[in-house]
Amino acid sequence: MIKTLVHPCKALQFPVGKIQGPKQLRSKEPKMELTLAQPDDWHLHLRDGDLLEAVVSHSASHFGRAIVMPNLNPPITTTAAAVAYRESILKLLPANSNFTPLMTLYLTDTTSPIEIKLARRSGAVFAVKLYPAGATTNSQDGVTDLFGRCLPVLEEMVEQNMPLLVHGEVTNPDVDIFDREKVFIETVLEPLVQRLPQLKVVMEHITTMDAVRFVESSKEGSVAATVTPQHLLLNRNALFQGGLQPHNYCLPVLKREIHRQAIVAAVTSGSNRFFLGTDSAPHERRRKECPCGCAGIFNAPVALSLYAKVFEEVGALDKLEAFTSFNGPDFYGLPRSTSKIKMVRTPWKVPESFSFSFGDIIPMFAGETLEWRPSSN
């Protein structure tokens, strides 16, 4: 059931003004319809249990495939666990859905090279996720010794052509939270790609101009990045204006406006190094609106509408399809989708909340009016 009542702690979005990006010519007459190859989501949190059942249809209705993150509790650390998780997702899909979950393993200090071989042979596991221990939700079992105990695993990943997906933040409490991505690049990612230049690396949910520069300066085909709607549309002011806004809180945290502008410019430039990854991360409302609220933004119902907004506002709608539908599968070595979807310009209001037996989930841009939406036809 969809609720339309205003809730007391609504996530105010505070538009940051006309999106700044590369100057491009805009057509005099706005487009009313777009046809895109079926988009994929290359960074998605589906959770498990009641949350999984509640949210999976939102992603399945918009995306053909999705890289599913493994940070459950307990985490998905083995191929057998990944296959079982995949089956639980498939059982909850609508009867007519063709959605394909692409599974990942959660890298730990005790992951073995044999597990990487099993993952590749399974046909179900497509990547391994690096969470520095303590970096985000359910990351307490993450890596503490990347260049020591994990090195044989990384070398096997090169042999198996298995991408490493990186949550790119250091966890040292002495490093300012707004600088943790930059420091991670300098102290972890740069040494990593120098030591293992053949390792395919995806820097997930980038938030800074430093990440843009790192990706753009790296060897093409070896390093890429996913980009979320929130990091394209919001800066860190959205966390605080009008009071604390828990539904705009995510990790990596929103950054300064100059960083947002750099990411918009990179994504809308047509570069094949950047692709869609929503990082949609649902939490029940009470777990967001509490003294120690969870990080994560639920954007699956609005993601395609918001990406279209970003590209249109800089006059780059002609580059939207590559970002949503081509760059991701090309990097992973998977076929592009042959299915098509339509995006239509028809104003619609985002629900204030989605209500379930266990509580409410608040979507990104709750209560706001958006111009684009995927067609139901």
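Not measured: the values here are computed from a predicted model.

Here is what the cut-offs are and how they apply
- Residues numbered from 1 in each chain as written.
- Predicted model: local features only at pLDDT ≥ 70, side-chain atom pairs only at ≥ 80, totals over all residues.
- Heavy atoms only, no water.
- Salt bridge = Lys/Arg side-chain N within 4 Å of Asp/Glu carboxyl O.
- Helix = DSSP H or I, 4+ residues; strand = E, 2+ residues; numbered from the N terminus.
- Pairing = 2+ DSSP bridges.
- Axes fitted to C-alpha atoms, helices over the stretch in contact; angles between N-to-C directions.
- Contact = heavy atoms within 4.5 Å.
- Core = buried A, V, L, I, M, F, W, Y, C linked by side-chain atoms within 4.5 Å.
- Buried < 20%, exposed > 50% of the residue type's maximum accessible area, 1.4 Å probe, protein only.
- Parallel < 35°, antiparallel > 145°, perpendicular 65-115°, else oblique.
- Nonpolar A, V, L, I, M, F, W, Y, C, P; charged D, E, K, R; others polar.
- Expected span 1.5 Å × (residues − 1).
- Bend = angle between axes of the 7 residues up to and from the residue.
- Left-handed = near helix turned anticlockwise from the far one by under 90°.

Quick word on the pattern of salt bridges
Here is step 1 of the chain: Counted according to the given criterion, the structure contains 12 salt bridges.
Here is step 2 of the chain: Across the salt bridge formed by Asp-360 and Arg-285, the nearest N and O atoms sit 3.9 Å from each other. Note that Asp-360 is positioned in strand β13 (residues 359–361) and Arg-285 in helix α9 (residues 285–288), a separation of 75 residues in sequence.
Here is step 3 of the chain: Connected via shared salt-bridge partners are Arg-285, Glu-289 and Asp-360.

As for the sheet that holds strand β3 (residues 41–44)
Here is step 1 of the chain: The eight strands lie next to each other as β3-β4-β5-β6-β7-β8-β9-β10, forming an open sheet whose pairing is parallel. Looking at the sheet topology across the chains shown, the edges are occupied by β3 and β10 (274–276). With strand direction ignored, the average angle separating the axes of adjacent strands in the sheet is 30°.
Here is step 2 of the chain: Sheet analysis places strand β5 (residues 100–106) next to strand β6 (residues 125–130), joined by four bridges and oriented parallel. Within β6, the residue paired with Leu-105 across the bridge is Val-128.
Here is step 3 of the chain: On top of the sheet, helix α2 (residues 79–91) reaches β4 (65–68), β5 and β6; it is set at about 150° to β5, its chief contact.

Quick notes on the nonpolar core
Here is step 1 of the chain: Core analysis: the biggest nonpolar cluster contains 101 residues, and Leu-46, Tyr-85, Leu-107, Met-157, Leu-164, Leu-189 and Phe-274 have the highest contact counts within it.
Here is step 2 of the chain: Counting residues per element, this core draws most heavily on helix α10 (residues 303–313), at seven residues.
Here is step 3 of the chain: Contact partners of Leu-164, with chain neighbours within four places excluded, come to Leu-107, Val-128, Leu-130, Leu-154, Met-157, Leu-192, Leu-199, Lys-200, Val-201 and Val-202.
Here is step 4 of the chain: Counting residues in each nonpolar core, the second largest holds 14 residues, with Phe-126, Tyr-131, Leu-165 and Phe-275 among its members.

Observations regarding the environment of Leu-306
Here is step 1 of the chain: Mapped onto the elements, Leu-306 comes out in helix α10.
Here is step 2 of the chain: Leave out the neighbours within four places in its chain, and Leu-306 touches Pro-229, Leu-233, Met-364, Phe-365 and Leu-370.

Here we look at the sheet that holds strand β11 (residues 340–349)
Here is step 1 of the chain: On the basis of which strands lie adjacent, the open sheet formed by three strands has the order β2-β11-β14 and antiparallel pairing. Sheet topology places β2 (33–37) and β14 (369–374) at the edges, where each strand pairs with a single neighbour. Strand-to-strand, the axes of this sheet are offset by a mean angle of 30°, without reference to chain direction.
Here is step 2 of the chain: Pairing between β11 and β14: five bridges, direction antiparallel. Each bridged residue has a counterpart across the sheet, and for Lys-349 the counterpart in β14 is Thr-369.
Here is step 3 of the chain: Lying on the sheet, α10 is in contact with β11 and β14; it crosses β14 at an angle near 110°.
Here is step 4 of the chain: Contacting β2 and β11, helix α11 (residues 320–332) runs over the sheet at an angle of about 25° to β2.

Quick look at the environment of Phe-63
Here is step 1 of the chain: Following the sequence through the fold, Phe-63 ends up in the loop between α1 (49–60) and β4.
Here is step 2 of the chain: Separated by 14 residues in sequence, Phe-63 and Thr-77 have C-alpha atoms that sit 25 Å apart.
Here is step 3 of the chain: The residues touching Phe-63, leaving out its near neighbours within four places in the chain, are Gln-38, Pro-39, Asp-40, Asp-41, Phe-99, Leu-276, Thr-278, Ala-303 and Leu-304.

Concerning the packing of helix α6 (residues 209–217) against helix α8 (residues 257–267)
Here is step 1 of the chain: Axis separation between α6 and α8 bottoms out at 8 Å; the angle between their running directions is 30°. Relative to α8, the element α6 lies roughly parallel. When α6 is examined against α8, the residues Met-209, Asp-210, Val-212 and Glu-216 are found in contact with a partner set consisting of Ile-258, His-259, Ala-262, Ile-263 and Ala-266.
Here is step 2 of the chain: Split into classes, the residues belonging to the contact of α6 with α8 amount to six nonpolar, one polar and two charged.

Concerning α11
Here is step 1 of the chain: Helix length check: α11 (13 residues) gives 19 Å between terminal C-alpha atoms against 18 Å at 1.5 Å per residue, within 8%.
Here is step 2 of the chain: Residue Phe-326 marks the point of greatest curvature in α11, where the axis turns by about 45°; the proline Pro-329 follows within four residues.
Here is step 3 of the chain: Burial runs high along α11: 11 of the 13 residues are buried.
Here is step 4 of the chain: Along α11, the positions that sit buried rather than exposed are Leu-320, Glu-321, Phe-323, Thr-324, Ser-325, Phe-326, Asn-327, Gly-328, Pro-329, Phe-331 and Tyr-332.
Here is step 5 of the chain: Looking one or two residues beyond α11, the residue adopting positive phi is Gly-333, at roughly 75°.

Focus: unusual backbone geometry
Here is step 1 of the chain: The omega angle of the peptide bond from Asn-73 to Pro-74 is 5°, so this bond is cis rather than trans.
Here is step 2 of the chain: Note on placement: Pro-74 falls in the loop between β4 and α2.
Here is step 3 of the chain: Note the cis peptide between Leu-251 and Pro-252, where omega equals 0°.
Here is step 4 of the chain: When you line up the elements, Pro-252 lands in the loop between α7 (229–233) and α8.
Here is step 5 of the chain: Phi is positive for Asp-279, close to 55°, though the residue is something other than glycine.

Some details on the packing of helix α3 (residues 113–122) against helix α4 (residues 151–160)
Here is step 1 of the chain: One way to put it is that α3 packs onto α4 with a least axis distance of 8 Å and a crossing angle of 25°. Between α3 and α4, the crossing angle belongs to the class labelled roughly parallel. Once α3 is placed against α4, the crossing between them reads as right-handed. For the pair formed by α3 and α4, the contact residues are Pro-113, Ile-116, Lys-117 and Arg-120 on the first element and Pro-152, Val-153, Glu-156, Met-157 and Gln-160 on the second.
Here is step 2 of the chain: In terms of residue class, the contact of α3 with α4 is built from five nonpolar, one polar and three charged.

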